[in-house]
Amino acid sequence: MSDDPVDVLIVGAGASGAAFAWSLLGSRMRILCLEQGPLITDAAFPSRNPDYELSRYAEFSCDPNVRRLPQDYPINAEDSPITPVNFCAVGGSTINFLAHWPRLHPSDFRARTLDGVADDWPVDYATLAPYYAQNDRNMGASGLPGNPAYPPYEPPLPPLPLGKLGRTLARGFNRLGWHWWPSDAAILSRDYDGRAKCVNAGTCDLGCATGAKASVNTTYWPVLLRAGVELRPNCRVREITLDENGMASGVLYHDPEGRLQRQRAELVVLACNGIGTPRLMLNSKSKLFPDGIANRSGLVGKNLMFHPLTGISGVFDEPMEGFKGPMACSILSQEFYETDPSRDFVRGYGLHASRWTTPMTWALGGFGVDKPIAWGSEHRHLMDEVYPYSAGLTVVTEDLPRESNTVTLDSELTDSDGIPAPRITYTVDDNTKKMIAHGEACAEEALLAAGAKRVTGGGREVWWRAGWHQMGTACMGNDPARSVVNAWGRCHDVRNLFIVDGSIFVTAGAVNPTSTIQALALYIGDSILKNIGNLFD
Amino acid sequence: MSGPAIWSEAEARLLNALLDEIVPASADGRVPAAGALGVAEHLASSAEDDPALAALFREGLAHAARLAEERGAAFEALDAAKRIGVLEALEREAPEVFTALLRHTYMGYYSRADVRPHFGLSDRPTQPEGYELPEDDPDELADMLAPVRARSRCYRPT
Ligand SMILES: Cc1cc2nc3c(=O)[nH]c(=O)nc-3n(C[C@H](O)[C@H](O)[C@H](O)COP(=O)(O)OP(=O)(O)OC[C@H]3O[C@@H](n4cnc5c(N)ncnc54)[C@H](O)[C@@H]3O)c2cc1C
Ligand code: SF4
């Protein structure tokens, strides 16, 4: 493969890398993307197989420690109650993500000013609003305008059907006078841009063979490839290299045969998700940066945030048909999202009405849990008389940044190229625990108000296989001593190295992050173009 | 039913009987128990690809056979209460083995296309046909949301 220098080298072909590449399309820069995973087509998606559910526990698990494919990197999560999950392929974790598409609230960018915790972001909601909108058009987002939980905006497509489950729960929220709204989703409610609308298959984590779900391999990548962006799948970046002036000179990567190659670039852009990016930075040690590239602040790999979550379910008189329709997207209540001084915690959480999943996953404890349900006659009772009649609410909490929650390098574990794997050290903090307790009680109230005969679940335990959202491990800020990148994603210490994934989040909010990750990636691309004359000053 | 090759006939008989207790038939009798449905074949194929799992299963079978003998007969010949007693003891004494047995039994059972319709799901793969889910009538949705819209804005000014 040629080592001709490229203008822009993006590492990672997932949500953020793809959106970022799109933002530079008008620029005539030569763009190359290296992705450790393969290019897969929808023919490979297990939702087309008769025993589709088995794949969730094998090669299509969201947990790389279960998949153990050569392109995956293992993650040591022994010191964490939550294990990170992802997917490694062209499309990244959008291949198996659930496409729930809420935005952050304006207040999420101002946690220090409003609530005296964490830090303010160096950008605000108003700055990102046009990029959210552009990305919604590029991905094909569905939703209903007029949600009083946000400043006005208009998703390009009408909302997805609530389904029986969503309607039932909505009645409960109405009885209590609590906020709810049809979920925004990066899933097509109408045919759009040559893609077919959602067929309500319900197994969005097994890949959407219809193409209705906005995985970036169906949205951004076809456009990027047509526009001449070069994509090299099965190429894993080992290290970012430096020149004699302390600028990034390119990368060392393993080609599809495992051989080490060098690729030079004017700009290096990291888009490896909130675990993969700090891992790569920590693996890029040099005389100038003995603790990892661009890590003079010591914050690379620190402040890891997930959204710790738990679930409560109610048992109703009628079947809820929760297996019909996109798994994660029905309705969302943000009644408890904003800080309320009368509560014993700051910040807040969302109550997500997730649709119910397929029987095997329910019998194995639920999506994100790994605890088989009872056997024997109790098993039959649960499966025949509880499962079909259940509807659940997930309590998705905001995680505050803490330096003790970290991604470091494991001393023994490596990937298939021998590169040190990440190790997670993480605890759920007291503020979050209080939110979970509050959330469980409120979810129970909402389910009973919706007509549930009884409720189950909870017990203050966070879900294990639920590190879906990985944020904060190379945060943004104006002060180089307290942040890794500046307000537009440029590393303070290496001025031609950019980060565009959720690592740069300053706070996590309490919503799924990907619409914000991509809005930020578009914003960073635009900022690069605006600053092109003095990019490295 | 003949046992999958990886187990002896006696082991296969025991395994089928254990599976029938783990997931019994539905009350209406329309969905057979796990052993009767042939879930042992799924366990066998999982174990074939995974020697550690094969060892766990074998250990579980030996342990269950011992527990049955202590109760006076082969597992299949015990009465229902004693069979349940064996499984309860296995769960207590060998939790790792037992959890593996449960997981793989549930996986084998619920991956079957002929089991899914019992729960209202299609026997087809979910894609490409999916499911019918009627769109919400916009007026009805507006009515449902009227109380939410009537609230003042519920995000904080910055
Ligand atoms: C099961 C599941 C459900 C989810 N549901 C939702 C949801 O409903 N809503 C939502 O907003 N978010 C959801 N998410 C999260 C969402 O998928 C991520 O936030 C998003 O994909 C992150 O984008 P990214 O570009 O940072 O990382 P990714 O999309 O993960 O892409 C990173 C890419 O970088 C590659 N890479 C990493 N290291 C290297 C290296 N050294 N060399 C080369 N390539 C490398 C990886 O292989 C990967 O393809 C979910 C995630 C999962 C796993
Ligand atoms: S429910 Fe819709 S979005 Fe999800 S996999 Fe099926 S068709 Fe795709």
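Computed from a prediction, not measured in an experiment: that's the story for all the values here. Sequence positions are assigned chain by chain, starting from 1 and proceeding in written order. Think of it this way: whatever chain is written first is A, whatever ligand is written first is 1, and the rest follow in order. At least 70 in pLDDT is required for a residue's local features to be given in this predicted model, at least 80 for side-chain atom pairs to be given and counted, and no such filter applies to totals for whole chains, interfaces and linings, which use all residues. Where side-chain values are given, they derive from all heavy atoms of the structure, hydrogens and water being excluded.

Undergrad: Describe the overall build of chain B, with residues and values.
TA: Counting from the N terminus, the helices are the DSSP runs of H or I reaching at least four residues and the strands are the DSSP runs of E reaching at least two. If you tally the helices and strands in chain B, you get six helices and zero strands. When the elements of chain B are put in sequence order from the N terminus, they spell out α-α-α-α-α-α. We compute the radius of gyration over the C-alpha atoms and compare it with the globule rule, which gives 2.2 Å times the number of residues raised to the power 0.38. Taking 158 residues into account, the globule formula puts the C-alpha radius of gyration at 15 Å, and chain B, at 23 Å, lies well above it. Seen along its three principal axes, the alpha-carbon backbone of chain B occupies a region of about 70 × 40 × 35 Å. When burial is assessed residue by residue, chain B has 51% of its 158 residues classed as buried. Residue burial is assigned from relative accessible area. The probe radius is 1.4 Å, only protein chains are included, and a residue is buried under 20% of its type maximum, exposed over 50%, and partly exposed in between.

Undergrad: An account of the environment of G418 of chain A is requested, with residue identities and associated values reported.
TA: Of note, G418 of chain A is situated in the loop between β13 (406–414) and β14 (420–425). In this structure, the C-alpha to C-alpha distance between G418 of chain A and Y73 of chain A, residues 345 residues apart in sequence, is 9.9 Å.

Undergrad: Could you give me a rundown of helix α5 (residues 95–110) of chain B, with the residues and numbers involved?
TA: With 16 residues, α5 of chain B should reach 22 Å at 1.5 Å per residue; the first-to-last C-alpha distance of 22 Å fits that figure. Most of α5 of chain B sits out of view: 13 of its 16 residues are buried. Expected span of a helix, by definition, is 1.5 Å for each gap between consecutive residues, and there is one gap fewer than residues.

Undergrad: Can you lay out the sheet that holds strand β11 (residues 349–354) of chain A for me, pointing to particular residues and giving the numbers?
TA: Backbone-to-backbone hydrogen bonds pair the strands of a sheet. The strands run either parallel or antiparallel. Residues and elements named next belong to chain A. The strand order across the open sheet built from six strands is β4-β10-β11-β12-β9-β15, with neighbouring strands paired in antiparallel fashion. A strand with exactly one partner marks an edge of an open sheet, and here the two such strands are β4 (181–182) and β15 (454–457). For two strands to be treated as a pair, DSSP must find no fewer than two bridges joining them. Two elements, β4 and strand β10 (residues 331–333), share two bridges in a ladder whose sense is antiparallel. When the sheet's bridge partners are listed, W181 is paired in β10 with L332.

Undergrad: Which residues make up the pattern of salt bridges, and what are the values?
TA: Where charged atoms of side chains with opposite charge meet at close range, the side chains can pair. Salt bridges are identified by distance alone: a Lys or Arg side-chain nitrogen within 4 Å of an Asp or Glu carboxyl oxygen. Taken as a whole, this structure holds 42 salt bridges over all chains when the rule is applied. Here R465 of chain A makes a salt bridge to D63 of chain A, at a shortest N to O gap of 2.9 Å. You can see R465 of chain A sitting in the loop between β15 and β16 (497–499) and its partner D63 of chain A sitting in the loop between β2 (31–34) and α2 (64–67), a full 402 residues away along the chain. Each member of the pair, R465 of chain A together with D63 of chain A, is buried. With a closest N to O distance of 4.0 Å, E129 of chain B and R124 of chain B form a salt bridge. Overlapping salt bridges, with partners in common, bring together D108, D115, E338, R347 and E398 of chain A together with R156 of chain B in one network.

Undergrad: A description of the sheet that holds β13 of chain A should follow, citing residues and the corresponding values.
TA: All names here are of chain A. Ordered by their spatial adjacency, three strands build an open sheet running β3-β14-β13, and the pairing between neighbours is mixed. Each edge of the sheet is formed by a strand with only one pairing partner; in this case those strands are β3 (76–79) and β13. The sheet shows a mean angle of 40° between the axes of neighbouring strands, direction not considered. Sheet topology note: the β13/β14 ladder contains five bridges and is antiparallel. For helices, the fitted line uses only the C-alpha atoms of the stretch in contact; every axis is such a line through C-alpha atoms, and the angle between N-to-C directions lies from 0 to 180 degrees.

Undergrad: Break down the nonpolar core for me, citing the residues and quoting the values.
TA: Residues and elements named next belong to chain A. Counting residues in each nonpolar core, the largest one holds 104 residues, and the members touching the most others are F20 and W221. Here this core takes eight residues from helix α11 (residues 514–530), the largest share from any one element. What counts as a domain boundary in this text is fixed by an automatic or database domain assignment. Here this core gathers at least three residues from each of two domains, domain 1 (1–47 + 87–140 + 214–306 + 400–419 + 468–537) and domain 2 (141–207 + 308–397 + 428–465). Contacts between residues were defined by any pair of non-hydrogen atoms, one from each residue, lying within 4.5 Å. Once you skip the residues sitting within four places of it in the chain, W221 turns out to touch A13, A18, C33, V90, G91, V216, V229 and L231. Here, nonpolar core means buried Ala, Val, Leu, Ile, Met, Phe, Trp, Tyr and Cys residues that are tied together by side-chain atoms lying within 4.5 Å of each other.

Undergrad: Run through the site of ligand 1, naming residues and quoting values.
TA: Residue and element names in this part refer to chain A. The cutoff for a nearby residue is simple: one of its non-hydrogen atoms must lie within 4 Å of the molecule or strand. Around ligand 1, the surrounding shell holds 35 residues, and the nearest of these are S16, E35, S93, H100 and T514. Here a nitrogen atom of ligand 1 sits 2.9 Å away from a polar atom, N or O, in the main chain of V237. Calculation on ligand 1 without its partners gives an accessible area of 980 Å², and the protein chains cover 98% of this total. Broken down by secondary-structure element, the contributors of at least two residues to the shell around ligand 1 are α1 (15–23), β6 (236–242) and α11. Each residue gets one label: Ala, Val, Leu, Ile, Met, Phe, Trp, Tyr, Cys and Pro are nonpolar, Asp, Glu, Lys and Arg are charged, and the others, such as Gly, are polar. Grouping the amino acids of the shell around ligand 1 by side-chain chemistry returns 18 nonpolar, 14 polar and three charged. Polar contacts, as used here, are pairs of N or O atoms within 3.5 Å; protein pairs need one atom able to donate a hydrogen and one able to accept it. Residues neighboring in sequence count only if both atoms are side-chain atoms. Every accessible area reported is derived by Shrake-Rupley at a probe size of 1.4 Å, with residue values counting cover from the shown protein chains alone.

Undergrad: How would you summarise the packing of aromatic side chains if you had to cite specific residues and measurements?
TA: By convention here, two paired aromatic rings are described through the distance between centres and the angle between planes. Residue and element names in this part refer to chain A. Here is the rule: rings of Phe, Tyr and Trp (six-membered ring for Trp) pair when centre to centre is within 6.5 Å. Planes less than 30 degrees apart are stacked, more than 60 are edge-to-face, and the remainder are tilted. Enumeration according to the criterion identifies 23 aromatic pairs over all chains in this entry. Ring plane angle 50° and centroid distance 6.3 Å describe the contact between F345 and Y349, whose orientation is recorded as tilted. Residue Y349 is classed as buried on the basis of its relative accessible area of 0%. Put simply, the rings of F173, W178, F336, F345 and Y349 pair up and form one aromatic cluster. A ring has a charge above it when a Lys NZ or an Arg CZ is no more than 6 Å from the ring centre and no more than 35 degrees off the ring normal. Sitting over the face of the ring of Y153, R103 holds its NZ or CZ atom 3.8 Å from the ring centroid.

Undergrad: How would you summarise the interface of chain A and chain B if you had to cite specific residues and measurements?
TA: Every contact between the two is made by 72 residues of chain A and, on the other side, 55 residues of chain B. Roughly 5,200 Å² is buried in total at the junction of chain A and chain B, and carbon and sulfur atoms are behind 63% of that figure. The quantity reported as buried area is the accessible area (1.4 Å probe) lost by two parts once they are put together, taken as the sum for both. Interface area lost by chain A to chain B is led by R167, W375 and R380 of chain A, which between them contribute 16%. Along the contact surface separating chain A from chain B lie eight salt bridges. Its salt-bridge partner being R151 of chain B, residue E335 of chain A comes within 2.8 Å of it at the nearest N-O pair. Of all elements in the fold, only α3 (111–115), α5 (163–176), β4, α8 (359–363) and α9 (377–386) of chain A reach the threshold of two or more residues within the side of chain A that touches chain B.

Undergrad: Outline the pairing of β6 of chain A, supporting the account with residue identities and numerical values.
TA: Residue and element names in this part refer to chain A. Bridge count for β6 against strand β7 (residues 248–254) is six bridges, and the pairing is antiparallel. Residue pairing across strands places L242 opposite A248, the latter belonging to β7. A loop of five residues connects β6 with β7, the two strands running antiparallel in sequence, and G246 in this loop sits at a positive phi of about 80°.

Undergrad: So what's going on with the packing of helix α3 (residues 51–70) of chain B against α5 of chain B? Which residues, and what values?
TA: Residues and elements named next belong to chain B. Viewed as axis vectors pointing N to C, α3 and α5 meet at an angle of 110°, and their least axial separation amounts to 9 Å. Accordingly, the angle class assigned to the pair α3 and α5 is roughly perpendicular. Here L53, L56, F57, E59 and G60 of α3 come into contact with α5, specifically with E96, V97, A100, L101 and H104. By definition in this entry, angles of less than 35 degrees are roughly parallel, angles greater than 145 are roughly antiparallel, angles of 65 to 115 are roughly perpendicular, and the rest are oblique.

Undergrad: Describe helix α2 (residues 39–48) of chain B, listing the residues and the values that go with them.
TA: All names here are of chain B. Of all 10 residues that make up α2, seven are buried, and the element is covered over most of its length. The set of residues buried in α2 consists of V39, A40, H42, L43, A44, S46 and A47. Along its buried surface, α2 packs onto α1 (9–22), α3 and α5.

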